Amino acid sequence: MQITVQCCKAVKPAYGESGRVVAADAVPLTVFDKANFDTYVSVIYVFQPPMPANGVLESGLARALAAYPEWAGRLGVDAEGTRAILLNDEGARLVEATSDATLHSVLPLKPTPEVTGLHPSPDDGAAEELMMVQLTRFACGSLVVGFTAHHLVSDGRATSNFFVAWSQATRGAAVDPVPVHDRASLFKPRDPPLVEFEHRGVEFKPLQLQNRATKKVPPGNNNNDDDEVVVHKVHFSREFISRLKSQAGGTHRPCSTVRCVVAHLWRCMTVARGLGGHVATSVSIAVDGRARMTPQVPEGYTGNVVLWARPTTTARDLVRTKPLQHAVDIINRELARINEAYFRSFIDFASSGAVEKERLVPTADAAEMVLSPSIEVDSWLRMPFYDLDFGGGRPFFFMPSYLPVEGLLILVPSYFGDGSVDAYVPLFSRHMDAFKNCVYSLQD
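What you are looking at is a predicted structure, and each value in this text was computed from that prediction instead of being measured. (Residues numbered from 1 in each chain as written. Predicted model: local features only at pLDDT ≥ 70, side-chain atom pairs only at ≥ 80, totals over all residues. Heavy atoms only, no water.)

**Q** Help me understand the packing of helix α6 (residues 257-273) against helix α11 (residues 429-438) in this model?
**A** In a packed pair of helices, the relevant descriptors are the angle between the two axes and the axis-to-axis distance. Closest axis-to-axis distance for the α6/α11 pair is 8 Å, and the angle between their directions is 135°. Between α6 and α11, the interaxial angle falls into the category oblique. Crossing of α6 over α11 shows right-handed handedness. Contact with α6, carried on its side by His264, Leu265, Cys268, Met269, Ala272 and Arg273, involves His431, Ala434, Phe435 and Cys438 of α11 and no other residues of that element. In terms of residue class, the contact of α6 with α11 is made up of 7 nonpolar, 2 polar and 1 charged. (Axes fitted to C-alpha atoms, helices over the stretch in contact; angles between N-to-C directions. Helix = DSSP H or I, 4+ residues; strand = E, 2+ residues; numbered from the N terminus. Parallel < 35°, antiparallel > 145°, perpendicular 65-115°, else oblique. Left-handed = near helix turned anticlockwise from the far one by under 90°. Contact = heavy atoms within 4.5 Å. Nonpolar A, V, L, I, M, F, W, Y, C, P; charged D, E, K, R; others polar.)

As structure tokens, then:
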């Protein structure tokens, strides 16, 4: 798939007569922003023709940036020396590209290094833009829209709200939900603070652990094929998920799709890795705090509101001596523990000065490329990825970019729109055959 870049430009907010919606010069990062992954995340949308011209999409992007000026800013420090998003209107990066191939000839897009040509690259940390967009026109008229966005600015829910806002602005529709930019007042610590839970070793770790040797696997150019991380896409049909739910059912409420699929994949990956029975394994699951805090965080909030549940057990109990329901039960128990009290405790601890005094850093470490014996899950099943409509209809395909982090699962709704799920599973190539042999098996 040959991609030719035609031009690259900065798109700045088009405020119009009303001016900027945020009066401040900077938006300080919250404790949730600072605890998140300091890295870029890329996603890819595919649209069938006809689609608006690039100039129309560019104008819509400028209007969306006026509603979300954070994405047109830069990371820096404010007047008080606090890490912040500087609202300097420097703009987002827009790349226009073409391909002489038809999209049909390259479908289905696979999670390989080749797809990274469909979105802008952060240039190994050299990028300053917080939002980068690439429009790739194929010979058949199809359009691929690739996003690269910085995770410190917002979590997946807030970032997807911006994507939808761009499509709304392009059609001339009102931006909905209305963006909420006030980060300072939503997460104030209590007086007096109440740290009820342990956050050292959970959301934070000592600085020296940040610098430990981390096994990195260069994508696509490793001489040892067994040590190469490959990403396999698994499709779970609605019927298969229903059978999973039936097998995992207990005396309590029915098992959700996310929890059943995560429990099943956790077990399959543990089997494929060949972990010893005594080895402890955990699954890190992102928990959205919007609905778990009182008052609820507004739907249009533009930042991060995520912490992580970490159900843990031994490999023996997970796959040898106990059924799928055991994995679901410990996932349910740990997810229930990350409640409002936990979120408030985190805010109080992270705001206490202990992080700075003890030189703690986030455990969310983008440099960690191998997660075994544990896994991490990013579930995008409830995000409105298929709500984008620039005027030519919704996308017919969506996927995360190639991300070869061993053990980092990404769950997305299938483009079939029937409740089926696609899971992107990165493992060492030496483990992939064993994984494929068990991933569609329902036997305990």
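Past the structure itself, the notes keep going.
**Q** Would you explain the sheet that holds strand β4 (residues 74-77) in this entry?
**A** Backbone hydrogen bonds are what pair the strands of a sheet, in a parallel or an antiparallel way. Strand order in this open sheet of 3 strands is β2-β5-β4, and the pairing throughout is antiparallel. Because the sheet does not close on itself, it has two edges, and the strands there are β2 (26-28) and β4. Strand-to-strand, the axes of this sheet are offset by a mean angle of 40°, without reference to chain direction. Here β4 runs beside strand β5 (residues 83-86); their pairing, made up of 4 bridges, is antiparallel. Each residue of the ladder has a partner; that of Gly76, found in β5, is Ala84. (Pairing = 2+ DSSP bridges.)

**Q** Where do I start with unusual backbone geometry in this structure?
**A** Glycine aside, negative phi is the norm for most residues, and most peptide bonds take the trans geometry. A cis amide bond, omega 10°, links Asp176 with the succeeding residue Pro177. On the secondary structure map, Pro177 appears in the loop between α3 (156-171) and β9 (204-206). Omega for the bond connecting Thr294 with Pro295 falls within 30 degrees of zero, at -5°, which places this linkage in the cis form. Its location among the elements puts Pro295 in the loop between β11 (280-288) and β12 (306-309).

**Q** Is there a simple way to explain the pattern of salt bridges in this structure?
**A** Two side chains bearing opposite charge may form a pair once their charged atoms approach each other closely. Counting across every chain of the model gives 19 salt bridges. Between Glu58 and Lys9 there is a salt bridge, with the nearest N and O atoms lying 3.2 Å from each other. Pair noted here: Glu58 is in helix α2 (residues 54-67) and Lys9 is in strand β1 (residues 4-11), with a separation of 49 residues, a long-range link. Assessed through its relative accessible area of 30%, Lys9 is described here as partly exposed. (Salt bridge = Lys/Arg side-chain N within 4 Å of Asp/Glu carboxyl O. Buried < 20%, exposed > 50% of the residue type's maximum accessible area, 1.4 Å probe, protein only.)

**Q** It is not clear to me how the packing of helix α5 (residues 238-248) against helix α8 (residues 324-337) should be interpreted in this structure. Could you clarify?
**A** One way to put it is that α5 packs onto α8 with a least axis distance of 8 Å and a crossing angle of 85°. Taken as axis vectors, α5 and α8 run roughly perpendicular relative to one another. Across the interface between the two elements, Leu244, Gln247 and Ala248 of α5 pack against Leu324, Gln325 and Val328 of α8.

**Q** What exactly am I supposed to notice about the sheet that holds β1 here?
**A** With mixed pairing, the 6 strands of this open sheet are ordered in space as β1-β6-β7-β8-β3-β16. Pairing within the sheet leaves two strands with one partner each, and these edge strands are β1 and β16 (397-400). Taking the axes of each pair of neighbouring strands and ignoring which way they run, one obtains an average angle of 15° across the sheet. In terms of strand pairing, strand β3 (residues 40-47) meets strand β8 (residues 143-150) through 8 bridges, oriented antiparallel. Of the residues in β8, the one forming a bridge with Val46 is Val144.

**Q** Help me out: how do you make sense of the environment of Thr98 in this one?
**A** Within the secondary structure layout, Thr98 lies in strand β6 (residues 92-98). The spatial distance from the C-alpha of Thr98 to the C-alpha of Thr136 is 5.0 Å, given a sequence separation of 38 residues. Beyond its immediate stretch of four places on either side in the chain, Thr98 contacts Gln2, Ile3, Thr4, Gln6, Thr136 and Arg137. A polar contact is formed between the side chain of Thr98 and the side chain of Gln6, at a distance of 2.8 Å. (Polar contact = N/O pair within 3.5 Å; in protein donor to acceptor, adjacent residues only side chain to side chain.)

**Q** Help me understand the packing of aromatic side chains in this model?
**A** Any two aromatic rings considered together are summarised by their centre-to-centre distance and by the angle between their planes. Considering all chains together, one arrives at 29 aromatic pairs under this definition. For the pair Phe236 and Tyr440, a centre-to-centre distance of 6.1 Å together with 70° between the ring planes defines the contact as edge-to-face. Of this pair, Phe236 sits in strand β10 (residues 229-236) while Tyr440 is found in the segment after α11, placing the two residues 204 residues apart along the sequence. Residue Phe236 is classed as buried on the basis of its relative accessible area, which comes to 0%. Considering the side-chain rings of Phe385 and Phe398, the 4.2 Å spacing of their centres and the 15° angle between planes classify their relative orientation as stacked. With a gap of 13 residues between them, Phe385 in the loop between β15 (375-379) and β16 and Phe398 in strand β16 connect regions that are remote in the sequence. (Phe/Tyr/Trp six-rings, centres within 6.5 Å; stacked < 30°, edge-to-face > 60°.)

**Q** Looking at this structure, I do not really get the state of the cysteines. What am I missing?
**A** Linking two cysteines covalently through their sulfur atoms gives a disulfide. Enumeration according to the criterion identifies 1 disulfide in this entry. The disulfide bridge from Cys255 ends at Cys260, spanning 2.5 Å between sulfur atoms. With respect to burial, Cys255 and Cys260 carry one shared label: buried. Among the cysteines around Cys7, which has no disulfide bond, Cys8 carries the closest sulfur, lying 7.5 Å off. (Disulfide = S-S within 2.5 Å.)

Function cannot be read off these values alone, since they describe shape.
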